[in-house]
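Letter by letter, the chains look like this.
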Amino acid sequence: MKAPLNLQLIHHRGEDRILVKTDNYQPLNNIVRQIPKALYSKTYKSWHLPVQKEIVLLFINKATPIADVNTTQLRDQLIKRKQTSSTNTVQATTTPTYHLPLNTYTSKGTVASKIYKEPQAPGAKESFVKIAPCNAQVIKEMRQHLHLKGYSPSTIKTYLGEVAAFLQTIKDHKAEDFSTQRIKDYLQYCFTTLKLSENTVHSRMNALKFYYEQVLGKEKFFWEIPRAKKRIILPKVISEEKILKGLLETKNLKHKSILFTAYSAGLRVSEVVKIKITDIDSDRMQIRIESAKGKKDRMCTLGKATLQLLRDYVTEYKPKTYLFEGQDPTEHYSNRSAQIIFNDAFKKLGLPPNISFHSLRHSYATHLLENGTDIKYIQELLGHNDIKTTLRYTHVSKKELGKIESPIDKILRKL
């Protein structure tokens, strides 16, 4: 008998999501872990998916063999949502959008990635929602300044998104007229009302600091604004046994080559997909990484097993420029596709839901440390500027912690 499964629409953390109540049924948990953009909510004690047709259909197709999926409630909710959205659109044409003063916030929360819309095609324009005309120039000036300063596309996207979220909140108050105290009030609102994490507020502060000090030239504008202590998040590490199992059970040669290369060299997903054939130095057993994070080049290790696998892969796929080509041979494989490959290979091994492609890099560093590699060498291989970043791995390494015996075990041995 199939397990009953009801899908429903919820509003969670400022956006609509589709709730998937698996009731902790492990086969269903294993399926939903493999779905792109699936997240686990401690509040609902359930998984939830984005409201995207292709992702929902993918989940339903995978779940149907073991679950009786009921979408009636979800369909009714989506129809009602569409009708409500149409009504709001009509009202927006006649009702002023920007009228609330700064001290009367009504929003329950904004997510920067939802405010800033990334261009989906070459030449497409960036778009922002609910930004008052008096602040329209802010985004243009920010974008130009970020480009001239040579910031990476990902940093530009983040900064513009964070500033856009700020502009949406302040409505028709001119951002350039804000005092330090008003910025403090806004950041307090981010903590107390929006319930944003310390790391998210740090990101927003960095973006606002760039606007006020770099774009507007207000030197030391943020000196009087304190920063919250950042939460220290330990790296998510996969055991050597499960790393090996995930790699060996991946049958597709291209997929296996991507995962092997990422783990064996400790690469970020954005680095492994951009490797060119000329970056592989089989004589020195190294991989050259160009313009990595911080615009730094570095050399990484090339394992013997990885080299042999890559030779088999190149023989079969015959890539021209990029080692891992996308659907367009002139473009590299996408980050998102690499993430999906990782999910397919590792999420079925019963790993925690917050494990991601980047965990391969964390695992590489931790396993090197546990095998006796000096921390300074690990710092160089990973490309860290600050040794403190690399020292995080000492907190998750089992090399020394494994030697410490719990007091309860010692007491029980005496019985």
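Source: prediction; values computed, not measured.

1. Describing the sheet that holds strand 4 (residues 46–50)
A sheet is described by the order of its strands in space; here 5 strands give the open sequence 3-4-2-1-5, paired in mixed fashion. Each edge of the open sheet carries a strand with a single partner, namely strand 3 (39–41) and strand 5 (67–70). Adjacent strand axes in the sheet meet at a mean angle of 35° when their direction is disregarded. Bridge count for strand 3 against strand 4 is 3 bridges, and the pairing is antiparallel. Within strand 4, the residue paired with Y40 across the bridge is W47. Where helix 1 (residues 26–33) meets the sheet, it contacts strand 1 (3–12), strand 4 and strand 5, and its direction lies at approximately 30° from that of strand 4.

2. Quick notes on the side chain of T306
Mapped onto the elements of the fold, T306 is located in helix 12 (residues 304–317). Using a relative accessible area of 2% as the deciding quantity, one classes T306 as buried. The contacts of T306, once residues within four sequence positions are left out, are F260, T261 and S264.

3. With respect to the pattern of salt bridges
Taken as a whole and assessed by the stated rule, the structure comprises 7 salt bridges. Linking E290 and R288 is a salt bridge whose minimum nitrogen-to-oxygen distance equals 3.2 Å. Relative accessible area serves as the criterion here: at 43%, E290 is assigned to the partly exposed category. The structure contains a network of salt bridges with shared partners spanning R268, E271 and R298.

4. Re the environment of A292
Counting through the fold element by element, A292 comes out in the loop between strand 9 (286–289) and strand 10 (298–301). Along the backbone, A292 and L267 are 25 residues apart, and their C-alpha atoms lie at a distance of 9.7 Å. Non-local contacts of A292, meaning those with residues more than four positions away in its chain, are made with R268, E271 and R298.

5. Describing the packing of aromatic side chains
Think of a pair of aromatic rings as described by two things: how far the centres are apart, and how the planes are tilted against each other in angle. If you walk through the whole model with that rule in mind, you get 14 aromatic pairs. Both rings, one in Y40 and one in W47, keep their centres 5.6 Å apart while their planes meet at 75°; by these two values the pair is edge-to-face. Judged by its relative accessible area of 41%, Y40 is partly exposed. Grouped by ring-pair contacts, the aromatic residues F166, F178, Y186 and Y189 constitute a single cluster. A cation over an aromatic ring shows up here: R182 above the ring of F178, its NZ or CZ 4.5 Å from the ring centre. Looking at R392, its charged tip hangs above the ring of Y393, at a distance of 5.5 Å from the centre.

6. Describing the confidence of the model for the chain
Counting all residues, the mean pLDDT for the chain is 82, and 85% of those residues have values of 70 or more. Segment residues 120–124: pLDDT under 50, and 1 contact once partners within four positions in sequence are set aside and those in other chains are kept.

7. Focus on the packing of helix 1 against helix 2 (residues 53–63)
Where helix 1 contacts helix 2, the axes come no closer than 10 Å and their chain directions differ by 145°. Considering the relative orientation of helix 1 and helix 2, their crossing is right-handed. The segment helix 1 lies against helix 2, with L28, I31 and V32 engaging F59, K62 and A63. When grouped by side-chain class, the residues that make up the contact of helix 1 with helix 2 number 5 nonpolar, no polar and 1 charged.

Reading guide: rules and limits
- Residue numbers run consecutively from 1 along every chain, following the written order of its sequence.
- Local features in this predicted model are restricted to residues whose pLDDT is 70 or higher, and side-chain atom pairs enter the listing and the counts only when it is 80 or higher, whereas totals over whole chains, interfaces and linings include all residues.
- Heavy atoms throughout the structure, all of them, feed into the side-chain values; hydrogens and water do not.
- In this analysis, strands are considered paired if DSSP registers two or more bridges between them.
- Helix and strand definitions follow DSSP, with helices as H or I runs of at least four residues and strands as E runs of at least two, each counted in order from the N terminus.
- Where helices are involved, their axes are fitted lines through C-alpha atoms of the stretch in contact, as for all axes, and angles between N-to-C directions lie from 0 to 180°.
- Here a residue-residue contact requires only that any non-hydrogen atoms of the pair lie within 4.5 Å.
- When a residue's accessible area, from a 1.4 Å probe over protein chains only, is under 20% of the maximum for its type it is buried; when over 50% it is exposed; and in between it is partly exposed.
- Salt-bridge detection follows one rule: a side-chain nitrogen of Lys or Arg within 4 Å of a carboxyl oxygen of Asp or Glu.
- The aromatic pairing rule takes the rings of Phe, Tyr and Trp, using the six-membered ring of Trp, and pairs them if the centres are within 6.5 Å, calling planes under 30 degrees apart stacked, those over 60 edge-to-face and the rest tilted.
- By the criterion adopted, a ring carries a charge over it if an Arg CZ or a Lys NZ lies within 6 Å of its centre and within 35 degrees of its normal.
- pLDDT expresses, on a scale from 0 to 100, how confident the predictor is about each individual residue.
- The crossing is said to be left-handed when, going from far helix to near helix, the turn is anticlockwise and less than a right angle, and right-handed when the turn is clockwise.
- By the convention adopted, Pro, Cys, Tyr, Trp, Phe, Met, Ile, Leu, Val and Ala count as nonpolar, Lys, Arg, Asp and Glu as charged, and the other residues, Gly among them, as polar.

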